[in-house]
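# Structural characterization, general
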Amino acid sequence: MALEGHIIRPPSEAESFLLQVTTGCSSDACVFCGAYTGKPFRVKNIEEVYEDIQKAGKSDPEIRRVFLLDGDALVLNNKKLLPILEKINEAFPKLTRISSYANGYNITGRSCAEMAELYEHKIRVLYMGLESGDQDILNYCRKRSTVNEMIEAVNKCGQFKIKTSVILLLGLGGRKYSKQHVENSIITINKMQPNYLSFLSLMIIPGTPLYEEKQNGNFIELNPSELLQETHDIIEGLELKNTIFRSDHASNYLPLGGRFPRDKPALLDILRSAIRGKVALRQEFMRGL
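Quick notes on the rules
Residues numbered from 1 in each chain as written. Predicted model: local features only at pLDDT ≥ 70, side-chain atom pairs only at ≥ 80, totals over all residues. Heavy atoms only, no water. Helix = DSSP H or I, 4+ residues; strand = E, 2+ residues; numbered from the N terminus. Rg over C-alpha atoms; globule rule 2.2 N^0.38 Å. Contact = heavy atoms within 4.5 Å. Areas by Shrake-Rupley, 256 points an atom, 1.4 Å probe, with all protein chains shown as cover. Lys, Arg positive; Asp, Glu negative; His and termini not counted. Charge placed at Lys NZ, Arg CZ, Asp CG, Glu CD. Axes fitted to C-alpha atoms, helices over the stretch in contact; angles between N-to-C directions. Parallel < 35°, antiparallel > 145°, perpendicular 65-115°, else oblique. Left-handed = near helix turned anticlockwise from the far one by under 90°. Nonpolar A, V, L, I, M, F, W, Y, C, P; charged D, E, K, R; others polar. Core = buried A, V, L, I, M, F, W, Y, C linked by side-chain atoms within 4.5 Å. Buried < 20%, exposed > 50% of the residue type's maximum accessible area, 1.4 Å probe, protein only. Pairing = 2+ DSSP bridges. Expected span 1.5 Å × (residues − 1).

### Side note on the overall build of the protein
- Of regular secondary structure, the protein possesses 10 helices and 10 strands.
- Taken over the C-alpha trace, the protein has a radius of gyration of 19 Å; the compact-globule value for 289 residues is 19 Å, and the two agree within 12%.
- For the protein, the spread of C-alpha atoms along the three principal axes comes to 55 × 40 × 35 Å.
- For the protein, long-range pairs separated by at least 24 residues make up 78% of all intrachain contacts whose partners lie at least 6 apart in sequence.
- Carbon together with sulfur atoms contributes 51% to the accessible area of the protein, which is approximately 13,400 Å² in total.
- Across the protein, the centroid of the 37 positively charged side chains sits 4 Å from that of the 35 negatively charged ones.

### Describing the packing of helix α6 (residues 147-159) against helix α7 (residues 178-192)
- Running from N to C, α6 and α7 point in directions that differ by 25 degrees, and their axes come no closer than 9 Å. On the basis of their axis angle, the class for α6 and α7 is roughly parallel. Crossing hand, α6 versus α7: right-handed. Every residue of α7 that contacts α6 at Val147, Met150, Ile151, Val154 and Asn155 is listed here: Thr188, Lys191 and Met192.
- Per-class residue counts for the contact of α6 with α7 are five nonpolar, two polar and one charged.

### Remarks on the nonpolar core
- Core analysis: the biggest nonpolar cluster contains 63 residues, and Leu19, Val66, Leu68, Ile88 and Phe92 have the highest contact counts within it.
- For Leu19, the contacting residues outside a window of four places in its chain are Val49, Asp52, Ile53, Val66, Phe67, Leu68, Leu69, Ile84 and Ile88.
- Counting residues in each nonpolar core, the second largest holds 13 residues, with Cys30, Val31, Phe32 and Leu210 among its members.

### So, the sheet that holds strand β9 (residues 243-246)
- The sheet built from eight strands is open, its strands ordered β1-β4-β5-β6-β7-β8-β9-β10 with mixed pairing. Edge strands, defined here as strands with exactly one partner in the open sheet, are β1 (17-20) and β10 (257-260). The sheet shows a mean angle of 20 degrees between the axes of neighbouring strands, taken without regard to direction.
- Two strands pair when backbone bridges link them, and strand β7 (residues 163-170) and strand β8 (residues 196-201) are joined in this way by six bridges, in the parallel orientation. Counted as the bridge partner of Leu168 is Phe199 from β8.
- Lying on the sheet, helix α2 (residues 78-91) is in contact with β1, β4 (65-69), β5 (97-101) and β6 (123-131); it crosses β4 at an angle near 150 degrees.
- The sheet strands contacting helix α9 (residues 224-237) are β7, β8, β9 and β10, and the helix crosses β7 at an angle near 140 degrees.

### Concerning the pairing of β6
- Of all nine residues making up β6, eight are buried, and the element is well covered by its neighbours.
- Pairing geometry for β6 and β7, over six bridges, is parallel. When the bridges of β7 are listed, Val125 appears paired with Lys163.

### Brief notes about helix α10 (residues 264-275)
- Compared with an ideal rise of 1.5 Å per residue, which puts 12 residues at 16 Å, α10 spans 16 Å between its outermost C-alpha atoms and is within 8% of the ideal.
- Of all the residues in α10, the buried ones are Lys264, Leu267, Leu268, Leu271, Ser273 and Ala274.
- The inward-facing, buried residues of α10 abut α9, β9 and β10.
- Gly277 occupies a position one or two residues after α10 and carries a positive phi of about 85 degrees.

### Structural notes on the environment of Gly173
- Following the sequence through the fold, Gly173 ends up in the loop between β7 and α7.
- Through-space distance from the C-alpha of Gly173 to that of Leu202 is 9.5 Å; in sequence the pair is 29 residues apart.
- Setting aside anything within four residues of it in sequence, one finds Gly173 in contact with Ile137, Ser178, His181 and Phe219.

From the geometry alone we can't say anything about function, so treat these as descriptive.
Written out as structure tokens, the structure reads:
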């Protein structure tokens, strides 16, 4: 079983069997992303995928979770994806869930019957990079999925009992568009009501178009205090009924976690203390993607 290139997976999939179905990302155009640089998108040979499943099933039949790599496995239509899911279910008798990254259009383009098939084959969690709830910012970043597609996708998953983990990128609007990033992200996330919500902080990667924008003075990064203020203001505006929240990624200056709505007041108290300089922040050299 050979995984091609640099591998990225959610922290919560640390114990999962990583099955590479595609390489790269089908919409590898986001100006801030260097995750799949030099890794062209392609669908892996089906026999190779089957062989990986078979080998893992023989070596560790106790596997309970499987995560589909790379950034966009659900770009495969059901005709191509379901046989893979069937092989996974056959190989791992104790399987409880299959998870994957997904773009909004991966979901909105599927019929209700196709969504039901995904659930029947144990697709249980999909990770979706909203990045920002502001369409102007997404257009600037060349994000292929629109805000409305992402809202529709999350709600559609909920109809079929597939949980969603939505990722927001703090600082993506820079200093110029921070206000609309905050305001429209609040509106969007409230419409989604995701099962899980994660905040990451923008880290500009050399070689990306956004890095060039920064070098040319066209994009001004937020400083730590401004990122904390964005975090505070978004959380303050969220009206979530039952969402597990995490902002403990290595890119963040202040690790946070809790459940909405129960822990919202406590999260805001911590953030206010941090903004006043009363809470130690993660040092710059400890941050990473």
